[in-house]
Amino acid sequence: MSRGSLAALGRLRRHSTRERAVAPQLDVGRSEVTLSRLQLLVTRKLDGLLQGDYLGLLPGPGTEPGESREYRPGDDVRRMDWPVTARTTVPHVRQTIVDRELETWLAVDLSASLDFGTADCLKRDLAIAAVAAMSHLTVRGGNRIGAVIGTGSDTYRVPARPGRRGAQTLLRSVARTERPAAGGRTDLAALIDALNRPPRRRGMAVVISDFLAPTGWERPLRRLAVRHDVLAVEVLDPRELELPDVGVLELVDPETGLVHEVQTTPAVRARYAAAASEQRAAISAALRHAGVGHLRLRTDSDWLLDIVRFVAAQRHARTRGTTR
């Protein structure tokens, strides 16, 4: 069911591109139907599998001081309650009250490299689905959500709005964002840095990208994680990990237009797989070094189930006294 919704979203995007000049009103109607189905799917699946009063991805430790308790392995040492520790001679940490009114900002990379997919959908469609899931998980209780969208040469900002209506407006804005014909590569570092301006109270930030941008985005990500809880959603297609055995394969870089012909011999495929594995390991290491959560979504897997597993893992970590 989830794969069918993403396939419909992909068909809608391609249909809109072809017929915009002929029947724009028809495209808008189909857009509303498809996005409504996607939101309904996310709501049913996530609410059914993640029971609880408050569904959060990385709600963080909060900012208001609360009670003290004994230190447990994995607690943040910056939360040590030294007066109580000195008085009791037992290490204690100061708990904090989780902020219920959370402001979430998304950095959504919709550059040309996302217009690729060889499995159930394009990476772009999966990124839009991730936006729907992230907004559903964070807008409860009047929380606000906004986004910064990068398309290669242009950047758009969607103001943060509260509640379900604000989340629906944001999802429509992301889904209808079109990449300029000139293409280009999104400056991921600048896109992430845009979440730091203007400075905001502690909240949550989600970066949705394939992270195939040149190095340089790690430092802005670390700066962002100093003040906010950050989640990186990596969008991946299986063909980016290994080449098929099809003889001569023509590859086109969607961001530069360069064309390469590759003879997919066993040796070439082995070197490609090794290089791709090294690249993904480097991305994971950079995200881990930045101290952010890392969720990987693939176009050939059940993305909703992957999100459920991630959120469940975060909950399990928090019950053991850690935030990540």
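Residues numbered from 1 in each chain as written. Predicted model: local features only at pLDDT ≥ 70, side-chain atom pairs only at ≥ 80, totals over all residues. Heavy atoms only, no water.

Looking up the chain in an unreviewed UniProt entry gives the name DUF58 domain-containing protein, with the organism given as Actinocatenispora comari.

Caption draft 1: Region of the structure containing the packing of aromatic side chains. Applying the stated rule across the entire model yields 1 aromatic pair. Relative to Trp-217, the ring of Phe-211 lies with its centre 5.1 Å away and its plane at 55°, an arrangement referred to as tilted. Overall, the relative accessible area of 2% leaves Phe-211 in the buried class. (Phe/Tyr/Trp six-rings, centres within 6.5 Å; stacked < 30°, edge-to-face > 60°. Buried < 20%, exposed > 50% of the residue type's maximum accessible area, 1.4 Å probe, protein only.)

Caption draft 2: Inspection of the environment of Arg-269 at higher detail. Among the structural elements, Arg-269 can be located in helix α8 (residues 266-290). When the C-alpha atoms of Arg-269 and Pro-244 are compared, they prove to be 7.7 Å apart, with 25 residues separating the residues in sequence. Setting aside anything within four residues of it in sequence, one finds Arg-269 in contact with Leu-243, Pro-244, Asp-245 and Thr-264. (Helix = DSSP H or I, 4+ residues; strand = E, 2+ residues; numbered from the N terminus. Contact = heavy atoms within 4.5 Å.)

Caption draft 3: Region of the structure containing the pattern of salt bridges. Evaluated as defined, the whole model comprises 13 salt bridges. The closest approach of N and O atoms between Asp-210 and Lys-123, which form a salt bridge, is 2.9 Å. Of the two residues, Asp-210 is situated in the loop between β6 (204-209) and α7 (218-227) and Lys-123 in helix α4 (residues 123-138); the sequence distance between them amounts to 87 residues. Grouping residues by exposure puts Asp-210 and Lys-123 together as buried. We note a salt bridge from Arg-197 to Asp-193, for which the minimum N-O separation is 3.9 Å. Through salt bridges that share partners, Lys-123, Asp-210, Glu-234, Glu-240, Arg-280 and Arg-296 make up one connected network. (Salt bridge = Lys/Arg side-chain N within 4 Å of Asp/Glu carboxyl O.)

Caption draft 4: Seen up close, the layout of surface pockets. Counted as a void, the largest pocket has a volume near 840 Å³. Mapped onto the lining of the largest pocket, the elements with two or more residues apiece are β8 (248-252), β9 (259-263) and α8. With 5 residues, the single largest contributor to the lining of the largest pocket is α8. Class assignment for the residues of the lining of the largest pocket results in 13 nonpolar, 3 polar and 8 charged. (1 Å grid on protein atoms, 1.4 Å probe; cavity = no way out; pocket = protein on both sides within 12 Å on 5 of 7 lines; lining within 4 Å. Points joined across faces, edges and corners; volume = space filled by probe spheres on them. Nonpolar A, V, L, I, M, F, W, Y, C, P; charged D, E, K, R; others polar.)

Caption draft 5: Structural detail: the sheet that holds strand β7 (residues 229-236). Strand order in the open sheet made by the 6 strands is β5-β4-β3-β6-β7-β10, with mixed pairing throughout. In the strand order of this sheet, the two ends are held by β5 (155-162) and β10 (293-298), each with one partner. The sheet shows a mean angle of 15° between the axes of neighbouring strands, direction not considered. Inspection of the sheet shows strand β3 (residues 103-109) paired to β6 by 5 bridges, in the parallel sense. (Pairing = 2+ DSSP bridges. Axes fitted to C-alpha atoms, helices over the stretch in contact; angles between N-to-C directions.)

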